[in-house]
Every structure is written in structure tokens, then in C-alpha cells.
Amino acid sequence: MSFSELYIGLMSGTSLDGIDAALVNLTDDCVELVAFEYLPFSLEIQQKLQQLSAPNAAIFLQEYGEMDARLGCLFASAVKNLLRKKNLSANAITAIGSHGQTVYHSPLGRFPFSLQIGDPNCIAEQTGITTVADFRRRDIAAGGQGAPLVPAFHQAVFHCENETRCIVNIGGIANITVLPANENNAVIGFDTGTGNVLLNQWIQKNLGKNYDANGAWANTGKVDFSLIECLKKEPYFHALPPKSTGVDYFSLAWLETHCDLKKYLPEDVQASLCYLTAMTICDAIVKIAPETARILVCGGGVHNAYLMNLLVENAPCVVQSTADFGLHPDHVEAIAFAWLAKQTIHQKAGNLQAVTGANRSVILGGIYNSGCNSG
Ligand SMILES: Nc1ncnc2c1ncn2[C@@H]1O[C@H](COP(=O)(O)OP(=O)(O)O)[C@@H](O)[C@H]1O
Ligand SMILES: [Mg+2]
């Protein structure tokens, strides 16, 4: 029997909805969720993060630094809630893997970088648990895009030798991982483009709601194919992987530069954005992995029934939730960062070169020690 260790994964994605924290029992061949905690962001935090990650945001370094520290404290409280829930002490946990909050992702500039905030020093200090963070920049330093990083985890838990599978994560940005049946064929993973982010921003602007619950508003509109034609001209959708993107790119500003939104009913725009999300995912699968036999979906987008219907209608194969394969769709990303922390602690690589475009496999992240003297 292989050795088991407890890890905590922390994820707060580009949707800016809140912090996912997963307490996970990991062995060499098994991933078991022990507890999960969701800490929603207050409206104030959401707005500040939106300002920080807006394209060409003009911000003061003081605000940036304060938000970094403040998020670090929030991540630490999510961890403490988990420990309390399970009545565990800090020393029961081998390490935390904290993704951080991305405020800028620029993998293709002259000086590529990806910036996540949520100070891991605060997390380690306040929880007394060794914390692994800053996962993306080592891959970028090795010539990669720093994203996506979850495909190695997807491969570990969802690979099947009898069929090629595609894992679709619909967070703020949508990304896919192709897991070829034949393990000798490289895993492919990339961001397909917009996920929930435009859906959230458009409903916020028009109805003042954070998100379109169940896709109910989109359901009152209809897809406008002239709008889709304009939006699909975006070169990102046609570029070959490796590729990754962020909310600093896919934002309302992006939408406004592609079309004259005044020409359309707001609910038709919402319906069309759902269609765009579903179709960019389906197109990518048909183009890159036509042999895909099954799509497993995770991320908050699974709760948008209108979007999911479009995905099912247009997908080239059967679509299922990751829940059917043992992991609840809301938990996958946070669990992935617990798994990535384990890779780092065990001095194993976390990136897949074929996915990120890095010139070598690297051990990801910085390790912030618990500060507890074990001697
Ligand atoms: N009941 C729901 N109906 C429609 N959309 C939902 C629902 N629940 C969550 N979502 C969408 O999922 C998003 C959160 O997804 P998540 O996977 O956490 O994304 P990220 O990783 O970017 O934080 C929300 O912002 C919202 O757009
Ligand atoms: Mg989220």
C-alpha cells in the first residue's frame, strides 16, 4: 500500500467568485477529497480585483501590495476553516498548494510573465503549514506559457487506455485537456478562450447581477449569428496550441472592440456569448482531437444549463460531468493544486512540456516553509 499524505489546494480563478479550498488525501495512485470549503469574495474585493486585472489598469503599488497581503490572509482563513471542519491540526497537513489570484497573464510579450497575488508568506505564517505557491513562473522561465498547469493532474486521474478523453474546465476562461488513449501520445492542453468571464461581466453591466444563474437570462434571448461571426474573427480562436489567455484580454473591452453592441438586445448578447463559449470549445476539440470519445466537464460553467445544452448539442461526442468519474466539477481545480503541491514537495515536475511549450520539465513553485521547528 502506498504512503498517504494530506494536502490542501487553494484556487481562486479568473471568475473572481471566491476561494475554493480542498483538503485531499493523496497516495501514489489515489486522490480522495476529505473536505471542501468555498469562501466567496465580498463585493468590495471583487471590484478591487476587477480593477487590478482590467486591461491597462492604472493602479498604485500600495493598492497592489495591500491586496496581495489581504488575499494571503483570506486564503489562510479558508485553510483554517477546513482544519476546523475536520478537527485537524496544522501538522497533519504536509503542504498547501496555492494558485493565487491571477491579475495579469502575459506569456507572449517581450518579457513574458504571469502574475498571481495572495502572499504565500501570510498563508504559511498564519496557518503554520508549508505553502507552495507561484506555480506558473518557473514554467515561463523555462520557455513555456506557464499555463495550463492542470493537465498533468487530469492525466493522473482521468486518463483511460480505452478511449481518448477531453477534460473541459469552464471557469472564467475555458480550457481543455486532451488525454489520448495511448499514453505514448502527448497530452494536449490549452485555453480555448472565454468561459464565464464575459457572461458575468455582461450581466453585471446590464442587470447588476454577479452571474446568470442557470443561464436563465441567456435563455430569454436568442443567439445572433451575425454577432457570432464578428466575434469568431478573433485570431486567438484560430491560433494553434500551445496558447493561453486571461481576463486581461477577454473582457468587455474586447467585446466592444469586436462589435457595436448597441445593435443587439442585451439578452441576445448573453445567449450569443454562451454560444461563443460552447462553440469555441467544440471547434477546438474537432480541430485538435477529432478522435475524442468522451468529454468530461468541470468548473462553474456546468451550472449554466443554457451553456451546457449548447455544449451537448454541438459536441462531437458524449458529454458528462467529472462527477461521473469521481470528482465534483466544482472541486477539480482546487484538488489539482493540492496535487501539484505534492509534486513540488516530492521534487517532481508539474508541467507538461507539450502543453505549456516549455523547453524542459520543471519542478514548479516556491516553497514557503511552515516556520515550525520540527527538531
Ligand atoms: N448556478 C450557476 N448558474 C450559472 N453560472 C454559474 C452558476 N454557478 C457558478 N456559475 C459560474 O461559474 C463561475 C465560477 O466558476 P469557477 O469554476 O469557480 O471559475 P474560476 O475558476 O474562474 O473561478 C461563476 O462566476 C459563474 O459565472
Ligand atoms: Mg472560482
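Because the structure is a prediction, the values reported are computed rather than measured.

Conventions we followed
- Residues numbered from 1 in each chain as written.
- Chains lettered and ligands numbered in written order.
- Predicted model: local features only at pLDDT ≥ 70, side-chain atom pairs only at ≥ 80, totals over all residues.
- Helix = DSSP H or I, 4+ residues; strand = E, 2+ residues; numbered from the N terminus.
- Rg over C-alpha atoms; globule rule 2.2 N^0.38 Å.
- Buried ≥ 20, exposed ≤ 12 C-beta atoms within 10 Å, placed from the backbone.
- Contact = placed C-beta atoms within 7 Å.
- Core = buried A, V, L, I, M, F, W, Y, C linked by C-beta atoms within 7 Å.
- Domains from an automatic or database assignment.
- Near = placed C-beta within 6 Å.
- Nonpolar A, V, L, I, M, F, W, Y, C, P; charged D, E, K, R; others polar.
- Axes fitted to C-alpha atoms, helices over the stretch in contact; angles between N-to-C directions.
- Left-handed = near helix turned anticlockwise from the far one by under 90°.
- Pairing = 2+ DSSP bridges.
- Arc of directions from axis to C-beta.

K.L.:
I tried to follow the overall build of the protein chain on my own but got confused; where do I start?
P.N.:
Counting secondary structure elements, the protein chain contains 14 helices and 12 strands. Relative to the 2.2 N^0.38 estimate, which gives 21 Å for 375 residues, the radius of gyration of the protein chain is 20 Å and therefore close to what a compact globule would have. Over its C-alpha atoms, taken along the principal directions, the protein chain stretches across nearly 70 × 50 × 40 Å. A buried classification covers 50% of the 375 residues belonging to the protein chain. The contacts of the protein chain with a sequence gap of at least 6 include a subset with a gap of at least 24, amounting to 72%.

K.L.:
Mind showing me how you'd approach the nonpolar core here?
P.N.:
Side chains that are nonpolar tend, in soluble globular proteins, to be buried together. Ranked by internal contacts, the top residues of the largest apolar core, which has 104 residues, are Ile8, Leu10, Val79, Ile96, Cys274, Ile335 and Ala338. Per-element tally for this core: the top contributor is helix 11 (residues 266-288), with 11 residues. Residue contributions to this core reach at least three from each of two domains, namely domain 1 (5-147 + 333-368) and domain 2 (151-325).

K.L.:
Sorry if this is basic, but what is going on with the site of ligand 1 here?
P.N.:
Around ligand 1, 20 residues are found, and the nearest of them are Gly13, Gly171, Asn196, Gly300 and His303. Classifying every residue of the shell around ligand 1 gives three nonpolar, 14 polar and three charged. Each of domain 1 (5-147 + 333-368) and domain 2 (151-325) accounts for three or more of the residues forming the shell around ligand 1.

K.L.:
In this structure, what is going on with the domain arrangement of the protein chain? I would like to understand it.
P.N.:
Reports often express the size of an interface as the amount of accessible area lost when the parts come together. Assigned domains of the protein chain: these are domain 1 (5-147 + 333-368) and domain 2 (151-325). Put simply, the middle of domain 1 and the middle of domain 2, counted by C-alpha atoms, are 23 Å apart. Among the elements of the structure, strand 4 (93-106), helix 13 (332-345) and helix 14 (353-356) are those that each provide at least two residues to the side of domain 1 that touches domain 2. A per-element tally of the side of domain 1 that touches domain 2 places helix 13 first, with four residues. Of the residues contributing to the side of domain 1 that touches domain 2, the split by class is 12 nonpolar, 10 polar and two charged.

K.L.:
Would you mind going over the packing of helix 11 against helix 12 (residues 305-314) with me for this structure?
P.N.:
Two measures define how a pair of helices packs: the angle their axes make with one another and the distance between the axes. Where helix 11 contacts helix 12, the axes come no closer than 9 Å and their chain directions differ by 35°. For the crossing formed where helix 11 meets helix 12, the hand is right-handed. Across the interface between the two elements, Cys274, Tyr275, Thr277, Ala278, Met279, Ile281 and Cys282 from helix 11 touch Tyr306, Leu307, Leu310, Leu311 and Asn314 from helix 12. Across the contact of helix 11 with helix 12, the residue classes tally to 10 nonpolar, two polar and no charged.

K.L.:
Just checking my understanding: could you explain the pairing of strand 7 (residues 165-170) for this structure?
P.N.:
Sheet faces and side chains relate simply in a regular strand, where the side chains alternate between the two faces. Burial of strand 7 is extensive: six of the six residues sit out of reach of the surface. Relative to strand 10 (residues 294-298), strand 7 is paired through five bridges, and the arrangement is parallel. In the sheet register, isoleucine 167 faces strand 10, and the bridge partner there is leucine 296.

K.L.:
Looking at this structure, how should I read unusual backbone geometry?
P.N.:
When glycine is set aside, most residues are seen to have a negative phi, and most peptide bonds are trans. A cis geometry characterises the amide bond from alanine 147 onward to proline 148, with omega recorded as -15°. Inspection of the secondary structure assignment puts proline 148 in the loop between helix 4 (136-141) and helix 5 (151-158). Going from proline 241 to proline 242, the amide bond is cis rather than trans, its omega being 5°. As for its placement among the helices and strands, proline 242 is situated in the loop between helix 9 (235-238) and helix 10 (252-258). Look at asparagine 214: it is not a glycine, yet its phi comes out positive at around 65°. Residue position: asparagine 214 is located in the loop between helix 6 (197-207) and helix 7 (216-220). Take asparagine 214: there are 14 C-beta atoms within 10 Å of it, and that puts it in the partly exposed class.

K.L.:
Honestly, the sheet that holds strand 10 in this entry has me stumped. Any pointers?
P.N.:
For sheets, the rule is that strands pair by backbone hydrogen bonds, running either parallel or antiparallel. One open sheet accounts for five strands, arranged 9-8-7-10-11; its pairing is mixed. Of all strands in the sheet, those with a lone pairing partner are strand 9 (188-194) and strand 11 (318-321), marking the two edges. Adjacent strand axes in the sheet meet at a mean angle of 25°, parallel and antiparallel pairs treated alike. Both strand 10 and strand 11 contribute to a ladder of four bridges, which runs parallel. Looking at strand 11, one finds that leucine 296 is bridged to glutamine 320. Against the sheet, helix 11 engages strand 7, strand 8 (173-179) and strand 9, with an angle of about 150° to strand 9.

K.L.:
I tried to follow helix 1 (residues 43-53) on my own but got confused; where do I start?
P.N.:
Helical geometry: 3.6 residues make up each α-helical turn, so side chains three or four residues apart lie on a common side. Along helix 1, the positions that sit buried rather than exposed are Leu49, Leu52 and Ser53. Within helix 1, the buried residues cover an arc of 85° as seen down the axis, which keeps them to one side. Facing away from the buried surface of helix 1 by more than 90 degrees, the exposed residues are Leu43, Glu44 and Gln47. Here the buried face of helix 1 lies against helix 2 (61-86) and strand 4.

K.L.:
Honestly, the pairing of strand 9 in this entry has me stumped. Any pointers?
P.N.:
For strand 9, a buried count of seven out of seven residues is recorded, marking the element as mostly surrounded by other parts of the structure. By the bridge criterion, six bridges tie strand 8 to strand 9 in an arrangement that is antiparallel. Bridge pairing in strand 9 places isoleucine 173 opposite threonine 194.

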